[in-house]
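Close look at the chain arrangement
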Amino acid sequence: KTCMVDMVVAQPYGIYLPKKFEKIAEDIYNMKIRPDDVFMIAFPKAGGTWNQELLWQLSNGLDFEKGKENLFFRSPFLELTCLCGDAPAVPAMDDNEAMDRMMKIKQNSVQSVADMPSPRVIKTHLPLEMLPPNLLDTAKVVWVNRNVNDSVVSFYHHEKLLPVHGLTASFEEHAKLYMEGKTLYGSYWTFMQAMWKHKDHPNLKEIKYEDMKNDLKGTIRNTAKFLGKDFPEEKVDLLVEHLSFETFKNNPAVNMKPPKGSVPDEVRDQFNFIRKGQVGDWKNYFQGDFLEEWNKWIDNNNPDSAIPMKFE
Ligand code: A3P
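Residues numbered from 1 in each chain as written. Predicted model: local features only at pLDDT ≥ 70, side-chain atom pairs only at ≥ 80, totals over all residues.

For clarity, the threshold we go by: UniProt positions are given in the numbering used here, feature names are shortened, and annotations may be inferred rather than shown by experiment.
In the annotation of an unreviewed UniProt entry, the entry for the protein reads Sulfotransferase domain-containing protein, and the organism field reads Tigriopus californicus. Heading Sequence similarities (unreviewed entry) of the UniProt record for the protein holds this comment: "Belongs to the sulfotransferase 1 family."

Dropping the structure here:
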């Protein structure tokens, strides 16, 4: 159990979600897509927040001043309504006005996406099959991937640090639930296979977390091109700096913390959504027999590395 709410297995993809999802599944499937929408689709902990900021900046002419507003308000999280607890982890929200605004969005996140002016950069963890069928032919979609080992480690910390998720398990116990598809959003591989089917569609761009770490500027350039944007060198350099790990971690508009008062202050102080930001951190967590079992699970689910992945 990773979440203190009832869970449901949402069809057709067997995704494990809070029961409240049933109430919004149809609204999401039927939502109106605009041609200038950009969807950021990522399995949890793949670097979605990082990419949301990248896409928001590219879609908004690299507006660092406007970008000081909380990312939650600039780039909505489509299915937020159904997620755990009444007090989600939100970018450091210290003032009551922001918190009220946030709670209103949480009451009906799908409606608040519909009410947003264009251009919209919409975050979701849902695969394309659970989104409107005309999405890919109408708007641009960025699919963010991260290797499964670093993803599960990052997920573990996310669940552990956030008391509302109530995770008390050890890393191995958590990873076993992840293997069974019983952590939030279900099976990593089900999601990957659902997305992989669309990899050649011209409106879908895959971004690997590892490539972004390795060549941030190149990723910015490619992604801008994909979105039909072009920026002078010096502005791109500013974006590289803006998205660098240290700057990002110290940016209160993107580094999430549980709202003040929702958890003890010492927990809040230690909570860093932008945690370590490395490729290969998994080596500090997987050992011996468990690593063998884990690798077998990968081979069974991704035979011959059909979906390529970078572990280093
Ligand atoms: P770690 O827990 O491994 O540090 P998501 O936004 O999808 O939940 O992903 C969160 C992960 O992306 C975290 O991984 C976080 O540190 C990492 N991340 C966020 N911003 C980053 C940045 N600017 N550079 C590198 N990694 C970043």
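1. Let's talk about the site of the ligand
To be explicit about the condition: Any residue whose C-beta atom, as placed from the backbone, lies within 6 Å of a molecule or strand is termed near it. Strands here are runs of E lasting at least two residues and helices are runs of H or I lasting at least four, both read from the DSSP assignment and numbered beginning at the N terminus. Here the nonpolar group is Ala, Val, Leu, Ile, Met, Phe, Trp, Tyr, Cys and Pro; Asp, Glu, Lys and Arg are the charged ones; every other residue, Gly included, is treated as polar.
In the vicinity of the ligand there are 19 residues, among which Gly 48, Thr 49, Ser 154, Arg 275 and Gly 277 approach most closely. Elements supplying a minimum of two residues to the shell around the ligand: helix 2 (48-59), helix 7 (148-161) and helix 13 (245-249). Looking at the shell around the ligand residue by residue, the classes come out as eight nonpolar, six polar and five charged.

2. Notes on helix 15 (residues 288-301)
Selection criterion: What a helix is expected to span follows from its residue count: subtract one and scale by 1.5 Å. Buried residues are those with 20 or more other C-beta atoms within 10 Å of their own C-beta, exposed residues have 12 or fewer, and partly exposed residues lie in between; C-beta atoms are placed from the backbone.
Look at helix 15: 20 Å from first C-alpha to last across 14 residues, which is about the 20 Å you get at 1.5 Å a residue. When you tally the buried positions in helix 15, you get one out of 14 residues, a small fraction of the element.

3. Looking at the sheet that holds strand 7 (residues 204-208)
The condition is simple: Here the rule is simple: two strands pair whenever DSSP picks up at least two bridges between them. For helices, the fitted axis covers only the stretch in contact; all axes are lines through C-alpha atoms, and the angles between them, taken along N-to-C directions, range from 0 to 180 degrees. Throughout, a pair of residues is in contact if the C-beta atoms placed from their backbones lie within 7 Å.
On the basis of which strands lie adjacent, the open sheet formed by four strands has the order 5-3-6-7 and parallel pairing. Edge strands, defined here as strands with exactly one partner in the open sheet, are strand 5 (121-124) and strand 7. Between one strand axis and the next, the sheet turns by 20 degrees as a mean value, whatever way the strands run. Note: strand 3 (residues 38-42) against strand 5, four bridges, orientation parallel. Counted as the bridge partner of Met 40 is Lys 123 from strand 5. Where helix 2 meets the sheet, it contacts strand 3, strand 5, strand 6 (140-145) and strand 7, and its direction lies at approximately 170 degrees from that of strand 3. Strands in contact with helix 11 (residues 216-226) are strand 6 and strand 7; relative to strand 7, the strand with the most contacts, it is inclined by about 170 degrees.

4. With respect to unusual backbone geometry
Backbone torsion omega between Ser 118 and Pro 119 reads 0 degrees, so that peptide bond is classified as cis. Mapped onto the elements of the fold, Pro 119 is located in the loop between helix 5 (109-115) and strand 5. Of note in this structure, Leu 62 is not a glycine but carries a positive phi near 55 degrees. Residue classification places Leu 62 among the buried residues on the basis of 20 C-beta atoms within 10 Å. The residue Asp 304 is not glycine, and still its phi comes out positive at about 55 degrees. Residue Asp 304 is classed as exposed on the basis of its 6 C-beta neighbours within 10 Å.

5. What about the pairing of strand 3?
Of all five residues making up strand 3, five are buried, and the element is well covered by its neighbours. Residues Val 38, Met 40 and Ala 42 of strand 3 are buried on one face, and the alternating residues Phe 39 and Ile 41, pointing to the opposite face, are buried as well. One ladder, built from five bridges, connects strand 3 with strand 6; its direction is parallel. Its bridge partner lying in strand 6, Phe 39 is registered against Val 141.

6. Digging into the packing of helix 11 against helix 12 (residues 233-243)
For clarity, the cut-off: For classification, angles of less than 35 degrees are called roughly parallel, those exceeding 145 degrees roughly antiparallel, those between 65 and 115 degrees roughly perpendicular, and all remaining angles oblique. Two helices that cross are described as forming a left-handed crossing if the nearer one is turned anticlockwise from the farther one by less than a right angle, and a right-handed crossing if clockwise.
Axis separation between helix 11 and helix 12 bottoms out at 10 Å; the angle between their running directions is 120 degrees. Judged on the interaxial angle alone, helix 12 and helix 11 are oblique. Where helix 11 crosses over helix 12, the two elements pack in a sense that is right-handed. Two secondary-structure elements touch here, helix 11 through Leu 216, Lys 217, Ile 220 and Arg 221 and helix 12 through Val 236, Leu 239, Val 240 and Leu 243.

7. Some thoughts on the packing of helix 7 against helix 8 (residues 171-179)
Interhelical geometry of helix 7 versus helix 8 gives an angle of 115 degrees and a closest axis separation of 10 Å. Classified by the angle their axes make, helix 7 and helix 8 are roughly perpendicular. As for the relative orientation of helix 7 and helix 8, their crossing is right-handed in sense. Between helix 7 and helix 8, the residues in contact are Val 152, Phe 155, Tyr 156 and Glu 159 and Phe 171, His 174, Ala 175 and Tyr 178, respectively. Residue classes in the contact of helix 7 with helix 8 are distributed as six nonpolar, one polar and one charged.

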